[in-house]
2 protein chains.
Amino acid sequence: MTDSPNDVTPDRLSKADALPPSDQHAQQYVAVRNAHETELLEDYVELIADLLQHQGEARSTDIAARMGVSQATVSKTVARLKALELVSSKPYRSLFLTKKGEAMAAMSHQRHAIVLKFLRALGVSDRTARIDAEGMEHHVSQETLDIMQRFTRERER
Amino acid sequence: MTDSPNDVTPDRLSKADALPPSDQHAQQYVAVRNAHETELLEDYVELIADLLQHQGEARSTDIAARMGVSQATVSKTVARLKALELVSSKPYRSLFLTKKGEAMAAMSHQRHAIVLKFLRALGVSDRTARIDAEGMEHHVSQETLDIMQRFTRERER
DNA sequence: TTAATATTTTAGCCAAGGTTAACTTGTAGG
DNA sequence: CCTACAAGTTAACCTTGGCTAAAATATTAA
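Model, not experiment: these values are computed from the prediction. (Residues numbered from 1 in each chain as written. Chains lettered and ligands numbered in written order. Predicted model: local features only at pLDDT ≥ 70, side-chain atom pairs only at ≥ 80, totals over all residues. Heavy atoms only, no water.)

1. A closer look at unusual backbone geometry
So, step 1. At E85 of chain A, a residue that is not glycine, the phi angle is positive and equals roughly 60°.
So, step 2. Assignment of secondary structure puts E85 of chain A in the loop between α4 (71–83) and β1 (87–88).
So, step 3. One non-glycine residue, Y92 of chain B, lies in positive phi territory at about 65°.
So, step 4. By the element assignment, Y92 of chain B lies in the loop between β1 (87–88) and β2 (96–97).
So, step 5. Judged by its relative accessible area of 86%, Y92 of chain B falls in the exposed class. (Helix = DSSP H or I, 4+ residues; strand = E, 2+ residues; numbered from the N terminus. Buried < 20%, exposed > 50% of the residue type's maximum accessible area, 1.4 Å probe, protein only.)

2. Some thoughts on the pattern of salt bridges
So, step 1. Following the criterion strictly, the structure yields eight salt bridges over all chains and no others.
So, step 2. Here D126 of chain A and R120 of chain A are joined by a salt bridge, their closest N and O atoms 2.4 Å apart.
So, step 3. Among the residues examined, D126 of chain A registers a relative accessible area of 37% and is labelled partly exposed.
So, step 4. What makes R120 of chain A partly exposed here is its relative accessible area of 36%.
So, step 5. D126 of chain B is the salt-bridge partner of R130 of chain B, the closest N and O atoms lying 3.1 Å from each other. Residue R130 of chain B and its partner D126 of chain B are both found in helix α6 (residues 126–136); the two are separated by four residues, about one turn of the helix.
So, step 6. Through salt bridges that share partners, R120, D126 and R130 of chain A make up one connected network. (Salt bridge = Lys/Arg side-chain N within 4 Å of Asp/Glu carboxyl O.)

3. Examining the packing of aromatic side chains
So, step 1. Applying the stated criterion across every chain, the model contains four aromatic pairs over all chains.
So, step 2. When the ring of F118 of chain A is compared with that of F151 of chain A, the centres are 5.2 Å apart and the planes differ by 65°; the resulting orientation is edge-to-face. You can see F118 of chain A sitting in helix α5 (residues 99–122) and its partner F151 of chain A sitting in helix α7 (residues 142–156), a full 33 residues away along the chain. We note that F118 of chain A, like F151 of chain A, is buried.
So, step 3. One aromatic cluster is present, built from ring pairs that chain together F118 and F151 of chain A together with F118 and F151 of chain B. (Phe/Tyr/Trp six-rings, centres within 6.5 Å; stacked < 30°, edge-to-face > 60°.)

4. Side note on the protein's contact with DNA strand C
So, step 1. The full set close to DNA strand C counts 18 residues, and R33 and T61 of chain A together with T73, K76 and R80 of chain B are the nearest of them.
So, step 2. Sugar and phosphate atoms constitute 69% of the interface atoms of DNA strand C, taking the interface as everything within 4 Å of the protein.
So, step 3. Within the side chain of T61 of chain A, an N or O atom sits 2.5 Å from a phosphate oxygen of DNA strand C.
So, step 4. At four residues, the largest contribution of residues to the surface near DNA strand C is made by helix α4 (residues 71–83) of chain B.
So, step 5. Across the surface near DNA strand C, the residue classes break down as seven nonpolar, six polar and five charged. (Near = heavy atom within 4 Å. Polar contact = N/O pair within 3.5 Å; in protein donor to acceptor, adjacent residues only side chain to side chain. Nonpolar A, V, L, I, M, F, W, Y, C, P; charged D, E, K, R; others polar.)

5. Section: the interface of chain A and chain B
So, step 1. Counting from both sides, the interface comprises 56 residues of chain A and, opposite them, 56 residues of chain B.
So, step 2. The junction of chain A with chain B conceals about 5,200 Å² of combined surface from both sides, 58% of it contributed by carbon and sulfur atoms.
So, step 3. Interface area lost by chain A to chain B is led by Y29, H54 and R66 of chain A, which between them contribute 15%.
So, step 4. Along the contact surface separating chain A from chain B lie zero salt bridges.
So, step 5. Mapped by element, the contributors of at least two residues to the side of chain A that touches chain B are α1 (10–13), α2 (22–55), α3 (60–67), α5, α6 (126–136) and α7 of chain A.
So, step 6. If you tally residues by element for the side of chain A that touches chain B, the top one is α2 of chain A, at 19 residues.
So, step 7. When the residues that make up the side of chain A that touches chain B are grouped by side-chain class, the tally is 25 nonpolar, 18 polar and 13 charged. (Contact = heavy atoms within 4.5 Å. Buried area = accessible area lost by both parts, 1.4 Å probe.)

Now the structure itself:
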């Protein structure tokens, strides 16, 4: 490599947007991979909080049904959540959030709500907004969240 | 369970939005999991297309650097891409897209561009918009994409 | 209180997506 | 032409997040 005379000079070939420098480019993907790591944990914790609030109890059966996953999978993931001290429970009993878990659930819930309301304010149908929000919420930075929130408020007035 | 007299009646306890019915709720998560399956493949294919266009060549070193990942990882993923007939190449040589791969890259690129432009039109800074777009692009439905596109066009006028 | 049913856990399996270390192949320079 | 370095591959390993089947524990109803 390294600057041979017949190097392709991108600017002459491509319409507009060139590639960002490698290291900056890499950071984008790293950010996405990091998000993926906590994504599932956040979903669980958020769902547990919802169940506690709405049904008074968080049982793995319900989690399995709502996540569209087998009970065995829930068991395994809950074990991880307990190891991370996000969830507490006695064997064969229903689940509770630790302080740490509650904090995560609250943040997660708030982000989710902001994205969902934003999509609806944009004019996206309820059904689609719900699906998209679920996927998007873990990939929206604070900066963007602030802007979404402002946008939604303006539309509401 | 099942309607005991002292069942918690959610509506009295919670502020607004109750939980959606289980099966509908599950579909949201299923949709996200499905998106995750193709996500990485799309990113690779999109990046390969970019490299081909901007540098005339797609080499695994560059992919590794830009994805922030080891070369071994690239090798393995490329093997998968080849098995799926998205990419073709001879051992130790650089990579090409099949027709199928090109189609996927084109779609992916377009979605990415729509989301990125939308975020910028919203007022998100370039750096943040790039990161968020990378994460969001795989979770935005066609309906939302259309709305984003319309929004961006209106702002441009 | 005991038997049937429901729920939770455990064990064993699999694929994806990472890693490092060691090996192979390709390419430039002397 | 051959040697050094760069690039690509392979092997062996790890974790995550799914699954099914079987075992353990709770709950309900007779």
